[in-house]
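# What the coordinates show
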Amino acid sequence: MKVAACLIAALSSTSAFVPGSSGAFGRTQQLSETPFFVDTSDEIPEAAITSATSLKQDFLEAEPYWSQDAVPVNVYKNKAPFTGQIVSTKRIVGPKATGETCHIIINHNGDFPYWEGQSWGVIPPGTREKDGKPHSVRLYSIASSRYGDDMTGKTGSLCVRRATYWCPELQAEDPAKKGICSNFLCDTSPGDEISMTGPAGKVMLMPEEDPKTDLIMVATGTGIAPYRGFIRRLFMEDTPAAEKYEGQAWLFLGVANSDALLYDDEWQEAKAKGGDNFRLDYALSREQTNKSGGKMYIQDKVEEYADEIFTKLDNGAHIYFCGLKGMMPGIQDMLKGVCASKDVDYDEWIKGLKKAKQWHVEVY
């Protein structure tokens, strides 16, 4: 049977998952990838952008700004979702990227606040073929700061890879097996309405009480989403966190090739503005080789700096992992090897990081 022979070519967004199913944190995200700078000049009225960017981004802050006592969680639920409106949907990868990734800006009119590192739930329209019930909610890591790409505090963004399935016998994509939610999102147009839940999660929040805290951010594909919010807050916006920050934010991003890089222009801007406070490393599996001559995966790139990363963690740095679930075994094996070389008990080391809340993982 031809359908049975069809293989999964790509899954849903690296920042999308179905809550309530098994997996990391009791939920399984569906896969994805994503690259570059998002130009909002033709999506948001110029006057609004000029007005927002000329002001300080300090009107959505806690008191004090670093307090996490009032983080909004699950304000909107499945039975009473929020209705947002699409501002724009743009492909943000080049022609040689492995799959299509879109940056989607959603207008919430200031009625759906969130913090960097949280997720929004999306309920795709329609019902399931197998039982006629509504589709399950999918969670997507929010890819903007709380102020949104236009810095008005009225929009938020998602980074979504379209989930498609390639059938080797048919030599074509099988539309019957495409990802329901990712395709809905990537096909949206300005003005379309979208049912949303959340915001969800506190696992990936930034620690801001000590402005000297180093952040080590490790991503594959669309797992870049929460870090875009971090970096915009620290280096591109006039926030209290940006004004005080003295640590180093170090981003590791793993994708297949240069065309699949996500938001590269923004990272270059952050480097220009942040100087030594922002650091960037890419792992391009189809273009680079690791020290053994094999493909350069994200764990290989992190291992190149193992001693420095261990020192930072010993000094209180926080490390984050977001993206495909499959990246974690390689990361963990690499860290175990480095611990062994340093005569450090890996299990106790990880236990200590978790106890100090320095270890943050959200994979799918």
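Residues numbered from 1 in each chain as written. Predicted model: local features only at pLDDT ≥ 70, side-chain atom pairs only at ≥ 80, totals over all residues. Heavy atoms only, no water.

### Digging into the overall build of the protein
Using the following cut-off: Each helix corresponds to a stretch of at least 4 residues labelled H or I by DSSP, and each strand to a stretch of at least 2 residues labelled E; elements are numbered beginning at the N terminus. We call a residue buried when its accessible area falls under 20% of the maximum for its residue type, exposed when it is over 50%, and partly exposed in between, using a 1.4 Å probe and counting protein chains only.
What the protein contains, in helices and strands, is ten helices and 15 strands. Expressed as a percentage of the 364 residues in the protein, the buried residues total 54%.

### What about the pairing of strand β15 (residues 359–363)?
Selection criterion: Any two strands with at least two DSSP-identified bridges between them are counted as paired.
The element β15 is largely enclosed, with a buried count of five among its five residues. Here β15 shows two buried faces, one formed by Trp 359, Val 361 and Val 363 and the other by His 360 and Glu 362. Where strand β14 (residues 318–323) meets β15, five bridges bridge the pair, whose relative direction is parallel. For Cys 322, the partnering residue across the bridge sits in β15 and is Glu 362.

### Brief notes about the pairing of strand β13 (residues 278–284)
Most of β13 sits inside the fold, with six of its seven residues counted as buried. Bridge count for strand β12 (residues 249–255) against β13 is seven bridges, and the pairing is parallel. In the sheet register, Leu 253 faces β13, and the bridge partner there is Tyr 282.

### Some words on helix α8 (residues 306–314)
For clarity, the cut-off: Directions are taken from the helix axis to each C-beta atom, and the arc is the one they span. Between two residues, a contact is recorded if the distance between any of their heavy atoms is within 4.5 Å.
Within α8, burial applies to Ala 306, Ile 309, Phe 310, Lys 312 and Leu 313. The buried residues of α8 occupy an angular sector of 160° when projected down its axis, which confines them to one face. Opposite the packed face of α8, turned more than 90 degrees from it, sit the exposed residues Asp 307 and Asp 314. Summarising the contacts, the buried residues of α8 are in contact with β11 (215–220), β12, α7 (298–303), β14, α9 (327–341) and α10 (346–355). Gly 316 sits one or two residues past α8 and shows a positive phi near 105°.

### A word on the sheet that holds β15
Worth spelling out the cut-off: The convention used is that axes are lines fitted to C-alpha atoms, helices contributing only their stretch in contact, and that angles between N-to-C directions extend from 0 to 180 degrees.
Read from one edge of the open sheet, five strands run β13-β12-β11-β14-β15, paired in parallel fashion. This sheet does not close on itself; its edge strands, each paired only once, are β13 and β15. For this sheet the average axis-to-axis angle between neighbouring strands, irrespective of direction, equals 10°. As judged from the five bridges shared by β11 and β14, these two strands associate in the parallel manner. Bridge pairing links Met 217 to Tyr 320 in β14. Strands β12 and β13 of the sheet are contacted by helix α6 (residues 264–274), whose axis makes an angle of about 150° with β13. The strands touched by α8 are β11, β12, β13 and β14; relative to β12, the strand with the most contacts, the crossing angle is about 135°.

### Here we look at the side chain of Lys 312
Topologically, Lys 312 is positioned in helix α8. Other than its neighbours up to four places away in sequence, Lys 312 contacts Asp 214, Ile 216, Gln 248, Trp 250 and Ala 317.

### Some remarks on the nonpolar core
Our working rule: Each nonpolar core is a collection of buried residues, namely Ala, Val, Leu, Ile, Met, Phe, Trp, Tyr and Cys, held together in the definition by side-chain atoms within 4.5 Å.
Ile 224, Tyr 227, Leu 251, Trp 267 and Phe 278 are the most contacted members of the largest nonpolar core, which totals 37 residues. Listing elements by their share of this core, those giving two or more residues are β11, α4 (225–236), β12, α6, β13 and β14. If one sorts the elements of this core by residue count, α4 sits on top with seven residues. Ranked by size, the runner-up nonpolar core spans 29 residues in total, among them Ile 216, Ala 283, Met 328 and Val 338.

### Some remarks on the confidence of the model for the protein
What counts is decided by this rule: Every residue carries a pLDDT, the predictor's confidence in it, which falls somewhere between 0 and 100.
When the pLDDT values of the protein are averaged, the result is 87; 82% of them are 70 or greater. Scored below 50 in pLDDT, residues 20–38 shows 100 contacts in the model against residues more than four places distant or in partner chains.

### Some details on unusual backbone geometry
Excluding glycine, a negative phi dihedral is what most residues carry, and trans is how most peptide bonds are arranged. The residue after Glu 63, namely Pro 64, is reached through a cis peptide bond having omega -5°. Relative to the helices and strands, Pro 64 is located in the loop between α2 (46–53) and β3 (82–91). A cis amide bond links Gly 198 with the next residue in sequence, Pro 199, at an omega value of -5°. Within the fold, Pro 199 resides in strand β10 (residues 193–200). For Tyr 263, which is not a glycine, the phi torsion comes out positive at approximately 60°. Positionally, Tyr 263 belongs in the loop between β12 and α6.

### Section: the environment of Thr 152
Here is the rule we go by: Polar contact is the term for a pair of N or O atoms within 3.5 Å; when the atoms are in protein, one must be able to donate a hydrogen and the other to accept it, and sequence-neighboring residues count only if both atoms are side-chain atoms.
Along the chain, Thr 152 turns up in the loop between β6 (138–141) and β7 (155–161). A sequence separation of 43 residues divides Thr 152 from Asn 109, and the C-alpha atoms of the two residues are 9.1 Å apart. Of the polar contacts made by the side chain of Thr 152, one reaches the side chain of Asp 150; its length is 3.0 Å. Engagement of the side chain of Thr 152 in a polar contact is seen with the backbone nitrogen of Lys 154, the distance being 3.1 Å.

### Details of α6
Among the residues of α6, those classed as buried are Asp 264, Glu 266, Trp 267, Ala 270 and Gly 274. For α6, the arc enclosing every buried residue in end-on projection is 160°, short of the 170-degree limit, so these residues lie on one face. Relative to its buried face, α6 has exposed residues pointing more than 90 degrees away, namely Ala 272 and Lys 273. Just past α6, the residue Gly 275 takes up positive phi, approximately 60°.

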